[in-house]
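Residues per chain, in single letters:
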Amino acid sequence: MSQPTERNRLADEPSPYLQQHADNPVHWQPWGAAAFERARAHDVPVFVSIGYSSCHWCHVMEEESFADEEVAALINDSFVPIKVDREERPDVDSTFMTVCQLVTGGGGWPLSAWCTPEGEPFYVGTYFPPEPRGNTPSFAGLCERIASSWGDAEQRAQMVERAAQWSASARDELESVPAGTDDPPDETLLDEAAAAAMRGVDHEHGGFGSGGPKFPMPGRVDLLLRSGAQTGRRELLTAATKTLDGMASGGMYDQVGGGFHRYAVDRSWTIPHFEKMLYDNAELPIAYLDAYRLTGDAAYARIAGESLRFLDRELRHPDGGFFSTLDARSRQPRSRGGDPDERVEGAFYAWTPAEVDDTLDGDDASMVRQRYGIESGGNFERGTTVPTLSASVERVAADHDRPVDEVAETLTAARATLFDARESRPRPTRDEKVLASWNGRAISAFARAGQTLGAPYDDVATEALGFCRDRLYDAETGRLDRRWLDGDVAGPGYLDDYAFLARAGVDVHAATGDLEPLAFALEVTDALVAAFYEPDDGTIYFTRDADDAAGVDDATGTDGARGTDGAGDAGTLFARPQEFADRSTPSSLGVAAETLLILDGFRPDDRFRSIAEDVLATHADRIRSSPLEHVSLVRAAARLTTGAVEVTVAAEAVPSAWRDALGEQYLPGHVLTRRPPTADGLDAWLDRLGLDAAPPIWEGRDADAGEPTVYVCEGFTCSPPRTDIDAALDWLDGRR
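In this text the structure is predicted, and so the values were computed from the model without any measurement.

Caption draft 1: Fine view of the packing of helix H20 (residues 515–532) against helix H27 (residues 679–689). Their axes nearest at 10 Å, the elements H20 and H27 cross at an angle of 35°. The handedness of the crossing between H20 and H27 is right-handed. Taken together, the residues of H27 that come into contact with H20 (itself represented by Leu 515, Glu 516, Ala 519, Leu 522 and Glu 523) are Trp 685, Arg 688 and Leu 689. Grouping the amino acids of the contact of H20 with H27 by side-chain chemistry returns 5 nonpolar, no polar and 3 charged.

Caption draft 2: Structural view of the nonpolar core. Counting residues in hydrophobic clusters, the biggest one holds 166 residues, and the most contacted among them are Trp 114, Phe 139, Tyr 288, Ile 540 and Trp 698. A total of 12 residues in this core trace back to one element, the largest contributor, which is H20. When neighbours within four sequence positions are excluded, Phe 139 is seen to be in contact with Phe 47, Met 61, Ser 65, Phe 66, Val 71, Ile 75, Trp 114, Phe 128 and Pro 129. Ranked by size, the runner-up nonpolar core spans 26 residues in total, among them Val 48, Ile 50, Val 99 and Ala 170.

Caption draft 3: Geometry of unusual backbone geometry. Note that the residue after Trp 109, namely Pro 110, is joined by a cis bond; omega there is 5°. Along the polypeptide, Pro 110 turns up in the loop between helix H5 (90–104) and strand S4 (111–115). The amide bond that connects Gly 212 to the next residue, Pro 213, takes the cis arrangement and shows omega of 0°. With respect to the element layout, Pro 213 can be found in the loop between helix H8 (188–199) and helix H9 (218–231). A positive phi is found at Asp 43, a non-glycine position, where the angle reads about 55°.

Caption draft 4: Representation of a negative patch on the surface within the structure. On the surface, a cluster of negative charge is made up of Asp 724, Asp 726, Asp 730 and Asp 733. Turning to its location among the elements, Asp 726 is positioned in helix H28 (residues 725–734).

Caption draft 5: Focus on the packing of H9 against helix H10 (residues 234–249). Viewed as axis vectors pointing N to C, H9 and H10 meet at an angle of 150°, and their least axial separation amounts to 8 Å. On the basis of their axis angle, the class for H9 and H10 is roughly antiparallel. As for the relative orientation of H9 and H10, their crossing is left-handed in sense. Contact with H9, carried on its side by Val 221, Leu 224, Leu 225, Ser 227, Gly 228 and Thr 231, involves Leu 236, Leu 237, Ala 239, Ala 240, Thr 243 and Leu 244 of H10 and no other residues of that element. By residue class, the composition of the contact of H9 with H10 is 8 nonpolar, 4 polar and no charged.

Caption draft 6: Inspection of the pattern of salt bridges at higher detail. Tallying each qualifying case throughout the model produces 60 salt bridges. Notably, a salt bridge pairs Glu 204 with Arg 267, separated by 3.3 Å at the nearest N-O pair. Of the two residues, Glu 204 is situated in the loop between H8 and H9 and Arg 267 in the loop between strand S6 (263–264) and strand S7 (272–273); the sequence distance between them amounts to 63 residues. A single network of salt bridges, built from pairs that share partners, joins Arg 448, Arg 503, Asp 507, Glu 594 and Arg 639.

Caption draft 7: Highlighting helix H2 (residues 33–42). Restricting attention to buried positions, one finds in H2 the residues Ala 35, Phe 36 and Ala 39. All buried residues of H2 lie within an arc of 95° about the axis, which places them on one face of the element. The outward face of H2, more than 90 degrees from its buried face, is lined by the exposed residues Ala 34 and Ala 41. Against strand S1 (29–30), strand S2 (46–51) and strand S3 (80–85) lie the buried residues of H2. Asp 43 lies just past H2 and shows a positive phi near 55°.

Caption draft 8: Structural detail: the sheet that holds strand S20 (residues 646–650). Taken together, 4 strands build an open sheet; the order of strands is S21-S20-S22-S23 and the sheet is mixed. The open sheet is flanked by strand S21 (671–675) and strand S23 (717–718), the only strands paired with a single partner. In this structure, strand S22 (residues 709–714) lies alongside S23, joined through 2 bridges in antiparallel fashion. Among the inter-strand pairings, Cys 713 is bridged to a residue of S23, identified as Cys 718.

Caption draft 9: Broad picture of the side chain of Thr 116. Position of Thr 116 relative to the elements: it lies in the loop between S4 and strand S5 (121–125). Residue Thr 116 is classed as buried on the basis of its relative accessible area of 3%. Setting aside chain neighbours within four positions, we find Thr 116 in contact with Phe 36, Val 46, Phe 122, Trp 150, Val 160 and Ala 163.

Caption draft 10: A look at the state of the cysteines. Evaluated as defined, the whole model comprises 2 disulfides. Sulfur-sulfur distance for the disulfide between Cys 55 and Cys 58 comes to 2.4 Å. Handedness here is read from the sign of the S-S torsion; for Cys 55 and Cys 58, about 80°, the answer is right-handed. Residue Cys 55 shares its accessibility class with Cys 58, and that shared class is buried. The disulfide partner of Cys 713 is Cys 718, and the S-S distance across this bridge is 1.9 Å. Of note, the bridge from Cys 713 to Cys 718 carries an S-S torsion of about 105° and is right-handed in sense. On the basis of relative accessibility, which here comes to 4%, the residue Cys 713 falls in the buried class. Look at the protein chain and number its bonded cysteines as they come in the sequence; the links are 1-2, 3-4. As a non-bridged cysteine, Cys 143 has Cys 115 as the owner of its nearest cysteine sulfur, 13 Å distant.

Caption draft 11: Layout of the pairing of S21. The buried count for S21 comes to 5 of 5 residues, which makes it a mostly enclosed element. Residues of S21 alternate between two faces, with Val 671, Thr 673 and Arg 675 on one and Leu 672 and Arg 674 on the opposite face, all of them buried. Sheet topology places S20 next to S21; 5 bridges connect them, and they run parallel. The residue of S21 that forms the bridge with Ala 650 is Arg 675. Taken together, S20, helix H26 (residues 656–663) and S21 constitute a β-α-β crossover, and its handedness is right-handed.

Thresholds, definitions, all that
- Residues numbered from 1 in each chain as written.
- Predicted model: local features only at pLDDT ≥ 70, side-chain atom pairs only at ≥ 80, totals over all residues.
- Heavy atoms only, no water.
- Axes fitted to C-alpha atoms, helices over the stretch in contact; angles between N-to-C directions.
- Helix = DSSP H or I, 4+ residues; strand = E, 2+ residues; numbered from the N terminus.
- Left-handed = near helix turned anticlockwise from the far one by under 90°.
- Contact = heavy atoms within 4.5 Å.
- Nonpolar A, V, L, I, M, F, W, Y, C, P; charged D, E, K, R; others polar.
- Core = buried A, V, L, I, M, F, W, Y, C linked by side-chain atoms within 4.5 Å.
- Buried < 20%, exposed > 50% of the residue type's maximum accessible area, 1.4 Å probe, protein only.
- Patch = residues over 30% accessible without salt bridge, like charges linked within 9 Å, V, L, I, M, F, W, Y side chains within 5 Å.
- Areas by Shrake-Rupley, 256 points an atom, 1.4 Å probe, with all protein chains shown as cover.
- Salt bridge = Lys/Arg side-chain N within 4 Å of Asp/Glu carboxyl O.
- Lys, Arg positive; Asp, Glu negative; His and termini not counted.
- Charge placed at Lys NZ, Arg CZ, Asp CG, Glu CD.
- Parallel < 35°, antiparallel > 145°, perpendicular 65-115°, else oblique.
- Arc of directions from axis to C-beta.
- Pairing = 2+ DSSP bridges.
- Disulfide = S-S within 2.5 Å.
- Right-handed = clockwise from strand over helix to strand, strands pointing away.

Following this line, the structure appears as structure tokens:
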């Protein structure tokens, strides 16, 4: 019998993750209708393997199984194997991950699923080793058993029935649209969610959970900061800052170069999984900036700034957009010997005492080793150490009998020297996909930093937004694509692409006062509603309707041509997902709802608000039953019922002193906008936006006597016009 597939077809796929598997002896196929047609033609199951380019265990499984000729022959004879980059196809990942979580109670990557030729999974798991380990079967043995069972008519019938049941359960979860309620969730859920977060706080090390691995959860930190500020409950603020301090002092934070790794494998944040993701280094700086505004602790501003500078330095395209990830592994420095071609996790970031001594002079080296805990034997593999803040500057100064200020200055200079020395090491691989959604979060982070830390952060945000608009957005059709990679464009985009990039436009407008980012945000949000909102269901889906998606232009190309990596095969998926919960990135449904509510103030009608109300009413019971899992939706519900602080400045430019004053204020979720000082100037803006009347946030808010004038509103109540920012902020303080 001929093999279902003739060859590995990934060589022509732009995805860096798929390219990593292009030389495998496995006959990998890209996701698409053609692969499933082959499975039907040859009457074999489909094996779907989902991962991403910087995934450590994806690399391990490739080396152990997918690069093995005998294992590859088994796969090629028995299945149609499909490789999926979860970062390019989050819809595929979401549907299969939902099945995995429902069936096994867990998930992760690599995600492994065996499916019927119709695409319904009947066996799911994550990493499978080359030999059995405890209750986990070997990958090859599992493939043999599945192939044998498929060849038995009775067992196949059971597999098909199981696949239908699992797919139905996943559809129930992903497509759930219960009847709406007249009692939508409100702001009280913020405190309920914060109370739920407190029940999981690790009071010793910070974070959530009593053991490892430990993941950053910036949404939960935000809840604690907000609720602590509103209620005055000190324990909430302490839990938030303990978490931020724990991450920033541990090995999860790159103590030499700045920026956060993906997660820590232990309770104390000491040893990370070393991949660096764009989204982590966007979400976490936002949390640290808020902590700085609330507490005044400059250390939080420093961590935020260093993390964003890491993105600017190492994950930014020369024209402004942001790349996706840095791999966890790299070749080892020559000083460590061994196989020069072996790629080792953490090799770029770990240190030995000898490497420090070779880089710095005697006493400086001693102080650095003490400060960062770099000792003989190390805290990591192969005798190396992942630097942590193991000793305070005061402790180091006392032990070396030196003034604290002098030691602090020496350590700062030594850190720069270590960084320069590290730059000569073999670097981790960079995944150079520019994803609209992740770029949206990074742009928001830089824009918000610009409000607090000043230039050049808002300049970086403006350039990145322009990069995405020029390369991924078609203003004539309203189509936003998902991915740009060296001139190749894949799309169309998903809800997170639209929602996150629209919110980024709002944030850049707030940081700069420019009209064009706001115009872009409004256009993208209109397109979001047209593509993903279903009035009959009262919800916003993560993907387009299958019938609509099939009609999307499927021409592929490079140099800016708009291609497809999913529009034409939407019907292959067994569910049309919604993204309710916050995970490593915020819920796209929650961000969409909140963005609609923000932009409602920039429209003279209430269409955006009514859509957000519809969504929150539809999912009210879900949100109430587990507010901690739905942080972004909870924030949207709070904004709907109580409003948020709105600051309108009527001026040709926001005075720098006003920017500084506003940037220092902790005003979670506030909206800052500039409008022209005169009615004539505003008319020109309205013409650009295609509006017949001034929206509420600008209407009647002219400059007073030609002076820059600020209007502050909270809870649907507004201050008188003020030409003194301190007076406006005093009005706001008086309401609290």
